[in-house]
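One-letter residues, chain by chain:
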Amino acid sequence: MHSPTPRVPQQPAATRTAIESRLTAELASVAAGARRRVLRDGDRQIDTAHLLHSLIESDPEVRTALGEGAQVARVLGYLVQRSIGYGLRWQGSVENSGAVAVVREAHVPGWSPSAVTAMERAVERAELRGEPRARGMDLLGCLAADRAYRAVEVLERAGVDAELLAERITEASRHVSRG
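Residues numbered from 1 in each chain as written. Predicted model: local features only at pLDDT ≥ 70, side-chain atom pairs only at ≥ 80, totals over all residues. Heavy atoms only, no water.

Novice: I'd like to hear about the overall build of the protein, residue by residue, with values.
Specialist: Counting its secondary structure elements, the protein contains nine helices and zero strands. Shown N-terminal to C-terminal, the secondary structure of the protein runs as helices and strands in the order α-α-α-α-α-α-α-α-α. The buried share of the protein, reckoned over its 179 residues, is 44%. Excluding contacts between residues fewer than 6 apart, the proportion of contacts in the protein whose partners are at least 24 apart in sequence is 62%. Approximately 9,200 Å² of the protein is accessible, and the part contributed by carbon and sulfur atoms is 54%. (Helix = DSSP H or I, 4+ residues; strand = E, 2+ residues; numbered from the N terminus. Buried < 20%, exposed > 50% of the residue type's maximum accessible area, 1.4 Å probe, protein only. Contact = heavy atoms within 4.5 Å. Areas by Shrake-Rupley, 256 points an atom, 1.4 Å probe, with all protein chains shown as cover.)

Novice: With reference to specific residues and values, describe the environment of Arg-125.
Specialist: Looking at the element boundaries, Arg-125 is found in helix 6 (residues 113-128). Using a relative accessible area of 18% as the deciding quantity, one classes Arg-125 as buried. A sequence separation of 49 residues divides Arg-125 from Arg-174, and the C-alpha atoms of the two residues are 9.9 Å apart. Those residues in contact with Arg-125, other than ones at most four positions away along the chain, are Asp-138, Gly-141, Cys-142, Ile-169 and Thr-170.

Novice: Can you explain the nonpolar core? Please cite residues and give values.
Specialist: Judged by nonpolar contacts, the single largest core of 45 residues is most densely connected at Leu-52 and Leu-139. Element by element, the count of residues in this core is highest for helix 6, at seven residues. (Core = buried A, V, L, I, M, F, W, Y, C linked by side-chain atoms within 4.5 Å.)

Novice: Account for the confidence of the model for the protein, naming residues and giving values.
Specialist: Per-residue confidence for the protein gives a mean pLDDT of 79; residues scoring 70 or more make up 72%. Within the protein, helix 1 (residues 16-20) has the poorest average pLDDT of any element, 67, and helix 7 (residues 136-145) the best, 96. Counting contacts from residues 1-14, a segment whose pLDDT is below 50, to residues more than four positions away or on other chains yields eight contacts. (pLDDT = per-residue confidence, 0-100.)

Novice: Mind laying out the pattern of salt bridges, listing which residues take part and the relevant values?
Specialist: Throughout the structure, instances matching the rule amount to eight salt bridges. Here Arg-135 ties to Glu-61 by a salt bridge, and the two come within 3.5 Å at their closest N and O atoms. Of this pair, Arg-135 sits in the loop between helix 6 and helix 7 while Glu-61 sits in helix 4 (residues 60-66), placing them 74 residues apart in sequence. Its relative accessible area of 39% is what places Glu-61 among the partly exposed residues. (Salt bridge = Lys/Arg side-chain N within 4 Å of Asp/Glu carboxyl O.)

Novice: For the environment of Ala-118, give the residues involved together with the corresponding values.
Specialist: By the secondary structure assignment, Ala-118 is in helix 6. Taking relative accessible area as the criterion, Ala-118 reaches 0% and is therefore assigned buried. In this structure, the C-alpha to C-alpha distance between Ala-118 and Asp-47, residues 71 residues apart in sequence, is 9.6 Å. Ignoring sequence-local partners within four residues, the contact set of Ala-118 consists of Thr-48, Leu-139, Cys-142, Leu-143 and Tyr-149.

Novice: Describe helix 3 (residues 48-58), naming the residues involved and giving the relevant values.
Specialist: Of all eleven residues in helix 3, nine are buried; the element is thus mostly enclosed. Residues of helix 3 that are buried: Thr-48, Ala-49, His-50, Leu-51, Leu-52, His-53, Ser-54, Leu-55 and Ile-56. Buried residues along helix 3 sit against helix 2 (25-41), helix 4, helix 5 (69-81), helix 6, helix 7 and helix 8 (150-157). The residue sitting at the N-terminus of helix 3 and contributing the capping side-chain oxygen is Asp-47; that oxygen lies 2.9 Å from the backbone nitrogen of Ala-49. (Polar contact = N/O pair within 3.5 Å; in protein donor to acceptor, adjacent residues only side chain to side chain.)

Put into structure tokens, the structure is as follows:
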């Protein structure tokens, strides 16, 4: 008797795997951490605030860029509160900064269009530097640069000037690429 082979859901070609293959091991770990947070919190998909949370927890260079100490604690405090406080209004909604059509959600299941865009932009930043893989600072620069991202809302509620942060990261990456 032939038993049917269980069907494993297949993702489209340019998916999470394609994005994650262009990340450093550390940044791939950030994506995995964001995915675990989504599952634990019962959210629909990874958004830019999930990426920011995981990035801060795992990347010392990112914590330094945010100012370490009290500043990092304030940002983490807002991120923790998202499941019990102001972030509740985000549940059940798709994060889309407007830079990309909402249709993109089907592009990478489990990821908001904005989170996909941020990861793609991080890879582009690395390429502009001549690097094959994106790092945490590439992602932080992208997360801070789009005022419509949930990550920017969190940063600004915690007192971080997201625009200035994005500018500092971009300037620093220019110096790195000039070598």
